[in-house]
Amino acid sequence: MGLMNMPVFTALTDKMRWHQARQGLLAENVANAETPGFRGRDLAQYDFADRSSGFSSASVTTSATQPMHFSVSSSEGSAFGAQRMANFEVTPEGNGVTLEDEMMKVTTNMMDYQAATTLYQKSIKILKTAMGRQA
């Protein structure tokens, strides 16, 4: 099995392709922000779980050796809880694109893509180091 055929690299490659396709759709939404009757499009959220069939099923658990080492709160108001999205807006001309929202999506998508490429590059560097090659 080649290095690039490892499941983690395949998943990261798929994730980067997803971000590229999404960027194209978001750019189309921005370009048509004032086109009457245009409805913006977006991709379904990328899910690593759908593509994890080749990953190991091993699990890692943690245990607290000191009671104060972990501070976990299960309150519903936590920062990572589900957030209600704003209502979908439609202009009188029938356009369903909010330019500000689309630009936020573009920025977030770009940052997520950069994170995936950085993770890919770091993973290759770690493997090269582990094999005794210069990273």
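Residues numbered from 1 in each chain as written. Predicted model: local features only at pLDDT ≥ 70, side-chain atom pairs only at ≥ 80, totals over all residues. Heavy atoms only, no water.

1. What to know about the packing of aromatic side chains
Across all of its chains, the model carries two aromatic pairs by this definition. Both rings, one in Phe9 and one in Tyr120, keep their centres 5.1 Å apart while their planes meet at 75°; by these two values the pair is edge-to-face. Within this pair, whereas Phe9 is found in helix H1 (residues 7-31), its partner Tyr120 is found in helix H2 (residues 99-130), the two being separated by 111 residues in sequence. Of the two residues, Phe9 and Tyr120, neither departs from the other in class, the shared state being buried. Judged by centre distance (6.1 Å) and plane angle (55°), the rings of Trp18 and Tyr46 are tilted. Separated by 28 residues along the polypeptide, Trp18 in helix H1 and Tyr46 in the loop between H1 and H2 bring together distant segments of the chain. Across the pair, exposure class does not vary: Trp18 and Tyr46 are buried alike. (Phe/Tyr/Trp six-rings, centres within 6.5 Å; stacked < 30°, edge-to-face > 60°. Helix = DSSP H or I, 4+ residues; strand = E, 2+ residues; numbered from the N terminus. Buried < 20%, exposed > 50% of the residue type's maximum accessible area, 1.4 Å probe, protein only.)

Purely spatial values, then, with no claim about function.
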